[in-house]
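In case you want the letters, here they are:
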Amino acid sequence: MTGALAIVLAPADNVAVCRRNVAAGEPLAIEAAPTVVARENLALGHKVAFRFIPSGATVVKYGMAIGSATADIPPGAWVHLHNMRSNYISSHTRASKVDP
Amino acid sequence: MIIADGYARADGRKGIRDVLAVIYLVECAHHVARRVVEQSNDADVHLLGFPGCYPNDYALRMMKALATHANVGGAVLVSLGCEGFDREGLAAQIAASGRPVETVVIQQAGGTRSGIDAAVAAVGRVRAEMRERARRVPMHLSDLVIGTICGGSDGTSGIAANPAVGRAFDRLVDAGATCIFEETGEMIGCEGAMATRAATPEIARAIDQAIANAETYYRAMGYGSFAPGNAEGGLSTLEEKSAGAYVKSGSRPINGLIRPTQAPDGPGLYLLDVVPDTAPKFGFPNIADNAEIVELMSCGAHLTLFTTGRGSVVGSAIAPVVKITGNPETYARMGEDMDIDAGRVMLGEATLDQVGDDIFDLVVAIAGGAPSKSEALGHREFILGYKTIDAVGPACHPGVR
């Protein structure tokens, strides 16, 4: 096992998954993008971009499309409901429905 | 390999438990039935029931499948008296399956206290007859049906717990077991990947059609199968949750698509389709995880592997539930409820194959009689509601008897 703080699940992916809570400024040390540094605090199990993902582009995890970016996402940024959406059915949280 | 001293049933199936089911046939009989279970002081007397007063074909078929499940050896039906459930029909089906059954009608017995007394006595007689009829036989992995479900998923589920279950499923399928993964509404987005694993082109078409149907249904409902806790755990979209759920199925060919109450017609891997192909009528296809566990049991699952990142605590009546978490923080906090710590994968302390082997070994131990944690804690959850779903899907559903 490497010392990487995030796991890249498939070669085609543009997001990695945090293996533990990561603080802003920590280098992710993933093999696919060794220089990427966390731009914000990231929680265990959450996604982080390790490549630039332009607005409208497909977010790829497990080698599968998991939605589309709704804003430009720089490497090291948290990827979640605030900057991506479903290509199928809207997600909802306790506070609100997140419309696609 | 002999894995258990199973309970032989008249239809040739074998059970890993010998449950006596106390079944209320309408909510109005629930209290009496619950008291009967409490007073029986027997961990293998389980409470099942259907709350509605009006008949429903799905509920009747489900209750028949559950009351004659391989893990069930006998039943006591508790009826108020005026409800719509066909109690005589259910009792006849249970009796025809070679199981002892008695019915207590509260209005005829004289009320709450009299109904409880009559049903407690009936439980004693049915249990005695079960003991008399019991025939123990060697059970092999090829006799075992294992279901899997995820609930309270988070960003770790698809990386640790679910792929570890996938490894265990591959080993179980290779050993001749029957494995069932659910469910079409939680596979939206995986249709392309699944089609390539279908054993035949007909099964590939049936899967594609079932997923398209699930998407239509959930669009009409307005929400997908996505809870707020999923987002808090790092999942952003329904298709991301689906991709993580899908890896529970392992890597073996998909031998068929089944519907609730349909038993697979042979060993191998099956996908359970739970979404009606009509316009939404009674609401969400499944209102909570236990509704899916009940549907897995209706297809014959002897036990269910339940992956949960956020930390569900549930178990089930009839069939033991094994809980697996991929979140090391959840395991540290809720270890008393978790059977398997797949969080070791996240921490780099174990490989998926190692955790898959642990799951396989635990399946064998629980089939042999060892209690799962939820079983030992007394969890016996059960939900059955109204639903309209045909026994056979719109396309041919191959692999079904």
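Being a predicted model, the structure only gives us computed values, none of them experimental.

Provide a residue-level description of the nonpolar core, including the pertinent values.
Counting 155 residues, the largest nonpolar core has A:Val48, B:Ile23, B:Val78 and B:Ala164 as the members making the most contacts within it. Ranked by residues supplied to this core, first place goes to helix H6 (residues 157-174) of chain B with nine residues. Counting residues domain by domain, this core receives three or more from each of domain 1 (19-133) and domain 2 (140-376) of chain B. Sequence-distant contacts of A:Val48, that is, excluding residues within four places in its chain, are made with A:Ala6, A:Val15, A:Ala16, A:Cys18, A:Leu28, A:Ala38, A:Leu42, A:Gly76, A:Ala77, A:Trp78 and A:Val79.

If you had to explain unusual backbone geometry to someone new, which residues and values would you point to?
The residue after B:Glu182, namely B:Glu183, is reached through a cis peptide bond having omega -20°. The residue B:Glu183 is located in the loop between strand E9 (178-182) and helix H7 (191-195) in this model. Located in the positive-phi region is A:Tyr62, a residue other than glycine, with phi close to 60°. Mapped onto the fold, A:Tyr62 is located in the loop between strand E4 (58-61) and strand E5 (64-69). Backbone geometry at B:Ile318 places phi at a positive 70°, although glycine is not the residue there.

Now, about helix H11 (residues 289-298) of chain B: what can you tell me, with residues and values included?
Residue and element names in this part refer to chain B. Counting buried positions along H11 yields nine of 10 residues, so the element is predominantly enclosed. Turning to H11, its buried residues are Asp-289, Asn-290, Glu-292, Ile-293, Val-294, Glu-295, Leu-296, Met-297 and Ser-298. Positive phi shows up at Gly-300, right after H11, with a value of about 110°.

Explain the pairing of strand E4 (residues 45-49) of chain B residue by residue, including any values.
Residues and elements named next belong to chain B. Among the five residues of E4, four are classified as buried, and the element is accordingly described as predominantly covered. Alignment of strand E3 (residues 19-24) against E4, held across five bridges, turns out to be parallel. Bridge pairing links Val-22 to Leu-47 in E4. Read as a crossover between parallel neighbours, the route from E3 over helix H1 (residues 30-40) to E4 is right-handed.

Account for the interface of chain A and chain B, naming residues and giving values.
Each partner contributes to the interface: chain A provides 28 residues, whereas chain B provides 29 residues. Among the secondary structure elements, those contributing two or more residues to the side of chain A that touches chain B are E5, strand E7 (84-85) and strand E8 (91-92) of chain A. By residue number, the principal contributor to the side of chain A that touches chain B is E5(A), which donates four residues. In the side of chain A that touches chain B, the residues fall into 14 nonpolar, nine polar and five charged.

How would you explain the domain arrangement of chain B if you had to name every residue and give the values?
Residue and element names in this part refer to chain B. Taken as a whole, chain B is organised into domain 1 (19-133) and domain 2 (140-376). Between domain 1 and domain 2, the C-alpha centre-to-centre distance is 29 Å. Contacts between the two partners involve 12 residues from domain 1, matched on the other side by nine residues from domain 2. At the level of elements, E4 and helix H2 (57-67) are the ones that each hand at least two residues to the side of domain 1 that touches domain 2. The leading source of residues in the side of domain 1 that touches domain 2 is H2, at four residues.

Lay out the sheet that holds strand E13 (residues 321-325) of chain B in plain terms, naming residues and giving numbers.
Residue and element names in this part refer to chain B. One open sheet accounts for seven strands, arranged E10-E11-E9-E8-E12-E13-E14; its pairing is parallel. Looking at which strands have only one partner, the edges of the open sheet turn out to be strand E10 (254-258) and strand E14 (340-341). For E13 and E14, the ladder comprises two bridges, and the chain directions are parallel. What sits directly across from Ile-324, in E14, is Ile-340. Running at roughly 160° to strand E8 (residues 145-150), H11 makes contact with E8, E9, strand E11 (268-272), strand E12 (303-307) and E13 of the sheet.

Basis of the calculations
Residues numbered from 1 in each chain as written. Chains lettered and ligands numbered in written order. Predicted model: local features only at pLDDT ≥ 70, side-chain atom pairs only at ≥ 80, totals over all residues. Core = buried A, V, L, I, M, F, W, Y, C linked by C-beta atoms within 7 Å. Buried ≥ 20, exposed ≤ 12 C-beta atoms within 10 Å, placed from the backbone. Helix = DSSP H or I, 4+ residues; strand = E, 2+ residues; numbered from the N terminus. Domains from an automatic or database assignment. Contact = placed C-beta atoms within 7 Å. Pairing = 2+ DSSP bridges. Right-handed = clockwise from strand over helix to strand, strands pointing away. Nonpolar A, V, L, I, M, F, W, Y, C, P; charged D, E, K, R; others polar. Axes fitted to C-alpha atoms, helices over the stretch in contact; angles between N-to-C directions.

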